[in-house]
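Structural features, examined
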Amino acid sequence: MNKTVLVSGGAGFIGSHVTVELIAAGYDVVVADNMSNCDMTCFEGVKKITERDDIPFIEADFCKAGDADMVFSSRKIDAVIHFAAFKAVGESVAKPLMYYKNNLESFMNVIEAALSHGCTNILFSSSATVYGEPDSVPVTEQSPRKQATSPYGNTKKMCEDILQDCVKASKGSLNGILLRYFNPVGAHPSALIGELPRGVPNNLVPFVTQTAIGKREVLSLFGHDYPTPDGTCLRDFIDIVDLAKAHVFAVRRMLDGKMESGCEIYNIGTGHPLSVLEIVEAFEKVIGIKLNRRFVPRREGDVTAIWCDPTLANEKLGWKAERSLEETLASAWAWEKHLAGQC
Ligand code: UD1
């Protein structure tokens, strides 16, 4: 019998790509989402890509303990991947309580319901934000976590701690994995699922594609005076399909009893830094259009340079980033055109 994986927040950008890869790998998937930050576009896309009309979808708000219990009561869940969380850095600064309540309560409810229903494999979607402004790059999983620059970042750190403490308290019965994502970009090659930012995008690549399609007049590049080769920030842009596949390897490791410690942590990135200017120029090359763009002052809270050493994920999970930057950017563009009804 196939093992069943619950994807909380599975109708969103990362969750929908992970659902596709889990199904491709032979897992049964239950998707649960409260639809607070997305519509059914991506879930419908997942059904088309997988040619599966029968993927169970449960509308559930994990901030309600009763909803979490209802989801775990619906069938036997072998592992859960927890995405359901708010993720806008700026909004979290303006509305910290909303972030702490939502992101912490929902995760605690998921852990509690999982444990009470005998599900002992929990994967948490964490972020490179926990490293703050690193002392040295690339960062490894041993690099110190830093003071978070936003309540959003703080919730990632706190959720990491919560899972680690629960694993410790379980005395060997609970497996936890923390995946720390760098900058996820791109879309599925089918252009049927991708990122659907609400309102003005905060992240670079959605802003770039929206400028290219004419939805935004001008792309602002934040800061041209950083101590980097071209003066713009350096990031580790990881393709969304590659990132999604890392989850399959991680879940398999838990379900196959391969864990070497109760809670394992992996950086999920390429290991190759790219500057903001480099990625914008690479995009312009892929689509053959020069964007209307300008340099503006630095954005508050941005770190100068961060990229990871993905060796641990490469060796222990057997995972490696594979898609080329050109494929990734072309897929982001195809998705933007799909949204605009152009393909
Ligand atoms: C942010 C979050 C990270 C989260 C990620 C999701 C922090 C500090 N960062 O990363 O936790 O996982 O989003 O993808 O919490 N830029 C522009 N113009 C724009 C938009 C961005 O120049 O219109 C620049 C930014 O200044 C930055 C780079 O592009 O240097 C990447 O920005 P962004 O896509 O927002 O990601 P991060 O801030 O790195």
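Every value quoted in this text rests on a predicted model; they were computed, and no experiment measured them. (Residues numbered from 1 in each chain as written. Predicted model: local features only at pLDDT ≥ 70, side-chain atom pairs only at ≥ 80, totals over all residues. Heavy atoms only, no water.)

We now examine the site of the ligand. The environment of the ligand is made up of 18 residues, and the closest members are Leu-204, Ser-220, Arg-235, Arg-299 and Asp-302. Take Ser-127: an N or O atom from its side chain is 3.0 Å from an oxygen atom of the ligand. Here a nitrogen atom of the ligand sits 2.7 Å away from a polar atom, N or O, in the main chain of Ser-220. In isolation the ligand offers 740 Å² of accessible surface; the protein chains occlude 88% of this area. (Near = heavy atom within 4 Å. Polar contact = N/O pair within 3.5 Å; in protein donor to acceptor, adjacent residues only side chain to side chain. Areas by Shrake-Rupley, 256 points an atom, 1.4 Å probe, with all protein chains shown as cover.)

To continue, consider the packing of helix α1 (residues 13–24) against helix α2 (residues 41–50). Contact pair α1 / α2: the axes reach a minimum separation of 9 Å and the direction vectors enclose 20°. By the criterion of interaxial angle, the relationship of α1 to α2 is roughly parallel. In this structure, α1 meets α2 at a crossing whose hand is right-handed. Contacts from Ser-16, Thr-19, Val-20 and Ile-23 in α1 reach Cys-42, Val-46, Ile-49 and Thr-50 in α2. Tallied by class, residues from the contact of α1 with α2 come to five nonpolar, three polar and no charged. (Axes fitted to C-alpha atoms, helices over the stretch in contact; angles between N-to-C directions. Helix = DSSP H or I, 4+ residues; strand = E, 2+ residues; numbered from the N terminus. Parallel < 35°, antiparallel > 145°, perpendicular 65-115°, else oblique. Left-handed = near helix turned anticlockwise from the far one by under 90°. Contact = heavy atoms within 4.5 Å. Nonpolar A, V, L, I, M, F, W, Y, C, P; charged D, E, K, R; others polar.)

The next subject is the state of the cysteines. In this structure the tally under the stated criterion is zero disulfides. Distance from the sulfur of Cys-38, which forms no disulfide, to the nearest cysteine sulfur (Cys-42) is 7.3 Å. With relative accessibility at 12%, the residue Cys-38 sits in the buried group. Just so you know, Cys-119 is unpaired, no disulfide at all, and the nearest cysteine sulfur is the one on Cys-166, 13 Å from it. (Disulfide = S-S within 2.5 Å. Buried < 20%, exposed > 50% of the residue type's maximum accessible area, 1.4 Å probe, protein only.)

Our next topic: helix α3 (residues 65–73). Two residues of an α-helix separated by three or four positions point the same way, owing to the 3.6 residues in each turn. Among the residues of α3, Asp-67, Ala-68, Val-71 and Phe-72 are the ones counted as buried. Viewed end-on, α3 has its buried residues packed into an arc of 135°, placing them on one side of the element. Next to the buried residues of α3 lie β1 (4–8), β2 (28–33), β3 (57–59), β4 (79–82) and α5 (96–116). (Arc of directions from axis to C-beta.)

Glancing now at α5. With 21 residues, α5 extends 30 Å from end C-alpha to end C-alpha; this agrees with the ideal 30 Å at 1.5 Å per step. Taken together, the buried positions of α5 are Tyr-99, Asn-102, Asn-103, Leu-104, Ser-106, Phe-107, Asn-109, Val-110, Ile-111, Ala-113 and Ala-114. On its buried face, α5 sits against α3, β4, α4 (89–94), β5 (121–127) and α6 (151–169). Just downstream of α5, Gly-118 is the residue with a positive phi angle, here 75°. (Expected span 1.5 Å × (residues − 1).)

Moving on: the packing of aromatic side chains. Tallied over the entire structure, the rule returns five aromatic pairs. For the pair Phe-43 and Phe-57, a centre-to-centre distance of 5.1 Å together with 45° between the ring planes defines the contact as tilted. Placement of the pair is Phe-43 in helix α2 and Phe-57 in strand β3, with a sequence separation of 14 residues. Given a relative accessible area of 25%, Phe-57 falls into the partly exposed group. (Phe/Tyr/Trp six-rings, centres within 6.5 Å; stacked < 30°, edge-to-face > 60°.)

Domain boundaries in the protein define domain 1 (4–185 + 238–268) and domain 2 (204–235 + 271–339). Measuring from the centre of the C-alpha atoms in domain 1 to the corresponding centre in domain 2 gives 24 Å. At the junction of domain 1 with domain 2, the criterion picks out two salt bridges. For Lys-316, the salt bridge identified is with Glu-260, shortest N-O distance 2.9 Å. Of all the elements in the fold, those that place two or more residues in the side of domain 1 that touches domain 2 are β7 (183–185), β10 (237–239), α8 (240–255) and β11 (263–268). A per-class count over the side of domain 1 that touches domain 2 returns 16 nonpolar, six polar and seven charged. (Domains from an automatic or database assignment. Salt bridge = Lys/Arg side-chain N within 4 Å of Asp/Glu carboxyl O.)

Counting across every chain of the model gives 15 salt bridges. Here Lys-146 makes a salt bridge to Asp-135, at a shortest N to O gap of 2.9 Å. Pair noted here: Lys-146 is in the loop between β5 and α6 and Asp-135 is in the loop between β5 and α6, with a separation of 11 residues, a long-range link. Two residues, Asp-165 and Lys-168, come together in a salt bridge whose shortest N-O distance is 4.0 Å. Of this pair, Asp-165 and Lys-168 are both found in helix α6, three residues apart, which corresponds to roughly one turn of the helix. Residue classification places Asp-165 among the partly exposed positions, given a relative accessible area of 45%. Within the structure, one salt-bridge network assembled from shared partners comprises Arg-145, Glu-160, Asp-161 and Arg-180.

Attention now goes to the packing of helix α9 (residues 276–287) against helix α11 (residues 325–339). The interhelical angle for the contact between α9 and α11, taken along N-to-C directions, is 70°, at an axis separation of 9 Å. Considering their axes alone, α9 and α11 lie roughly perpendicular with respect to each other. Counting all contacts with α9, which are made through Ile-279, Ala-282, Phe-283, Val-286 and Ile-287, the residues of α11 involved are Leu-325, Glu-326, Leu-329, Ala-330 and Trp-333.

Take the side chain of Ser-8 next. With respect to the secondary-structure elements, Ser-8 resides in strand β1. In contact with Ser-8, other than residues within four places in its own chain, are Ala-32, Phe-62, Ile-81, His-82, Phe-83 and Ala-84.

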